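The lines below spell out each chain.
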Amino acid sequence: MSEKKHSKIAAVLSVIFMGLGQIYNKQYIKGGLWAAFELIVLVFFTKTVIHGLWGIITLGDTPQVRQRGRVVDPGDHSILLMAEGLLVIIALVFIFTIYYLSVRDAFLVGKLREQGAKINNIKQSMKSIWDNGFPYILITPTAICMILLTVFPLVYTALIAFTNYSSPNYLPPKALVDWVGLDQFVRLFSMDSWRGTFVGVFSWTVVWAVLSTVLVVFAGLFVAVVLSQKVVKFTKFWRNIYIIPWAVPGFVSILIFRNMYNGEFGVINKMLNSVGIPSVGWLSDPMWAKAAILLTNLWLGFPFWMALFTAVLTTISKELYEAAEVDGATIIQQFKHITFPIVMVAAVPLMVFTFAFNFNQLTFIYLMTEGNPVNADYTYAGHTDILLSWIFKMTLNNGQYAISSAVAVVVFLIIALFAYFNLRNTKALKGDAH
Amino acid sequence: MFNPKVKKAINMVIVYGILVALVIICLFPVYFIFIGSVNPGESLHSSKIFPSPAEWTWSHYSDLFDKYQYVTWYKNTILVATANMLISTVFGVLSGYAFSKFRFKGKRQGLMAIIILQMFPTIMGMIAIYTLLGAFGLLDTHLGYVLVLAAGSVAFNTWIVKGFFDGIPNSLMEAARIDGASNMEVFAKVMLPLALPIISFIAFNSFIGASMDFIMAEVILRSSSNWTLAQGLFTLVSGQENNNFTVFAAGAVLISIPLMVLFFVFQRYIVEGMTAGAEKG
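What counts and how
- Per-chain numbering applies: the sequence of each chain, read as written, is numbered from 1 onward.
- For naming, the first written chain is A and the first written ligand is 1, with later ones following in the order written.
- At least 70 in pLDDT is required for a residue's local features to be given in this predicted model, at least 80 for side-chain atom pairs to be given and counted, and no such filter applies to totals for whole chains, interfaces and linings, which use all residues.
- Processing note: side-chain calculations cover all non-hydrogen atoms of the structure and skip hydrogens and water entirely.
- Contacts were defined at the residue level, with two residues in contact if any of their heavy atoms lie within 4.5 Å.
- Note: buried area is the sum, over both parts, of the accessible area (probe 1.4 Å) each one loses when the two are combined.
- Within 3.5 Å is the distance limit for a polar contact, defined as a pair of N or O atoms, with the added protein rule that one can donate a hydrogen and the other accept it, and that residues adjacent in sequence qualify only through two side-chain atoms.
- Note on conventions: DSSP H or I runs of at least 4 residues are helices, E runs of at least 2 residues are strands, and numbering of each starts at the N terminus.
- The working definition used for a salt bridge is a side-chain nitrogen of Lys or Arg within 4 Å of a carboxyl oxygen of Asp or Glu.
- We call two strands paired when DSSP finds no fewer than two bridges between them.
- Every residue gets a pLDDT, meaning the predictor's confidence in that residue, from 0 to 100.
- Note on classification: 1.4 Å probe, protein chains only; a residue is buried when its accessible area is under 20% of the maximum for its type, exposed when over 50%, partly exposed between these limits.

### Regarding the interface of chain B and chain A
Here is step 1 of the chain: Listed as interface residues are 97 residues of chain B and, on the opposing side, 97 residues of chain A.
Here is step 2 of the chain: When the two sides are added together, the surface that chain B and chain A hide from each other amounts to roughly 8,700 Å², 81% of it contributed by carbon and sulfur.
Here is step 3 of the chain: Where chain B meets chain A, there are eight residue pairs in polar contact (both at pLDDT 80 or more).
Here is step 4 of the chain: At 17 residues, the largest contribution of residues to the side of chain B that touches chain A is made by helix H12 (residues 245–280) of chain B.

This is the structure:
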């Protein structure tokens, strides 16, 4: 046999059974470990894999059987079968990656033999793994955590959008769930009640995300500019007071405002009444409820931007303003042509981030109004519900899992679009070609 | 039109007028919640904005401990927040360091995945998380809740830590390598001590993030003995009548004070961390 074919023979052997190629390469311990791995997978997981794949394809075929209210045959739990199937697929991806690595390893070591180079023994291999694999070891915990608790749930949610999983007729374990293709999306965009709710909630979500971001940024800038005036003494003292809204725990301040806005007993209406203005239906009138939400967000959000802009303003050279004054520029002109362009360079990336954050700011809306006041034209949503809180309500209170997952998929797409534009402008990735 | 002195005076009046108005706006809700907690009576309805100090009562504070499970909620919150802080800080520092200081296959894709994933809120996978935790028997347990929270904050932490290490010159690391230090030694003895400010920032952030969360807690923690403070306090004021407003106010004061103190201690790091993360992003 020619000495030049080690790499191919080793690779083919490893394809046939993991580890054979390594044994052929005389790396017996390593080969033994790979082989043991495949053996364990074959012996203990074959059944699981077959059952998992069957489950995710069919979503079960035996409905639950009950006689006189007692469960005789538990039947198949479609949703758990789907979860199992998805986990099996993730595991298979891992196994095949490891398989690929073993073939590649056999091939490369075979290549080394062809060139007559010295082959690492097991101790050297281990050391090389520890040295070269160090970054992988560092990211493994994060990767596992994110794959199981972030990626898996997102994919799973997307899958549910293509089923009919919903209350009251398709709720396991009592009934089976089926794949229905694009039906939920068709319902969402063609049935009037659903489309109307979607369009309404979506528009408010966008309005909320834009206004909540722009308002806090400009309020923060305004306060920072006022604080930077020469006449202001004790700047630090004022700034520390203005930072207090940021320091109060978020859910506490939202709940405080919820009480202050209370239509009947709230302190804001009491104060309005005391100066002769009639009560405002802060949380019961749709327009005022939205205004109340935006005002509260303003209170909560401006300190961060004030702090940021204060830091930026100190970096602007005084000479610029002096030169402008010599040229006879007014304060407004100075702001427009010097201050504003400089601070916006620092602010825009953060504004994009804030916008994306507010787009999904479910906690705030829920604690403040729970999506109320009720909108009679909407399906499972109120006037102040944003997409995320609508999804939350449909899921937790109404069991409309499938269609709420369809809405979630739409939100995924919007966020993905956003992420794409964000990535294009990311310096950290641009300068990082390796 | 005006002589400069008058102009300066007007300017001063306007500026200080704005400053004082802002102080009132910033402090009023804080005052309102404090005065609510010492108001006699129970509901928002009977709360006065300016009760005379003679009327003040501290009984709502003792009610928290006698009539409600406030201590349990407090303990749960601290437990959950600390666990989340430990897990997501350690994981985030390890992976952030790897992404910043090593070249390896899949690095670019990994970073891309992290930026994209941190934009998807954990709650989007609610149904799946609910099912998954149920399947593993982790529903309504703090362990399940902490895992979900940590997974949610680890991407952000990784990104911030990476940004920080990017600013530390590689020559430092190479010098240590030449002196014969192993990967582990370089990391533990050279890099970690340098990273203390950013570690404090993400630790603080993770702690606060977990103690502030309401939605995920609402999905996972169902029984009142497992609730966190956010859930407990929400039930005190979520009804129309606000019957327990004063007790809520007392509870809110007791949670706010320590967190505000923490905030002011870490303030420097917070502003630095936020802006550093943003510039790199």
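### A short note on the pattern of salt bridges
Close approach of charged atoms lets side chains of opposite charge pair.
All names here are of chain A.
Here is step 1 of the chain: In the structure shown here, the tally under the stated rule is six salt bridges over all chains.
Here is step 2 of the chain: A salt bridge links Asp192 to Arg195, with the nearest nitrogen and oxygen atoms 2.9 Å apart. Here Arg195 and Asp192 lie together in helix H8 (residues 192–227), a separation of three residues that amounts to about one turn.

### So, the pairing of strand S2 (residues 70–73) of chain A
Here is step 1 of the chain: Relative to S2 of chain A, strand S1 (residues 65–67) of chain A is paired through three bridges, and the arrangement is antiparallel. Across the sheet, Val65 of chain A pairs through a bridge with Asp73 of chain A, a residue of S2 of chain A.

### Considering the confidence of the model for chain B
Here is step 1 of the chain: Put simply, chain B has an average pLDDT of 86, and 93% of its residues get 70 or more.
Here is step 2 of the chain: Of the two predicted TM-score estimates for the complex, the pTM is 0.85 and the ipTM is 0.86.

### Quick word on helix H11 (residues 250–260) of chain A
Here is step 1 of the chain: H11 of chain A sits mainly inside the fold: ten of its eleven residues count as buried.
Here is step 2 of the chain: The set of residues buried in H11 of chain A consists of Phe251, Val252, Ser253, Ile254, Leu255, Ile256, Phe257, Arg258, Asn259 and Met260 of chain A.

### Observations regarding the environment of Gly116 of chain A
Here is step 1 of the chain: Along the chain, Gly116 of chain A turns up in the loop between helix H4 (78–114) and helix H5 (122–132).
Here is step 2 of the chain: Between the alpha carbons of Gly116 of chain A and Asn259 of chain A there is a distance of 80 Å; along the sequence they are 143 residues apart.

### Points about unusual backbone geometry
All names here are of chain A.
Here is step 1 of the chain: The omega angle of the peptide bond from Ser167 to Pro168 is 0°, so this bond is cis rather than trans.
Here is step 2 of the chain: Position of Pro168 among the secondary structure elements: in the loop between helix H6 (134–160) and helix H7 (183–190).
Here is step 3 of the chain: Between Asn372 and the following residue, Pro373, the backbone shows a cis peptide bond with an omega angle of 0°.
Here is step 4 of the chain: Within the secondary structure layout, Pro373 lies in the loop between helix H16 (362–369) and helix H17 (387–396).
Here is step 5 of the chain: For Lys26, which is not a glycine, the phi torsion comes out positive at approximately 70°.

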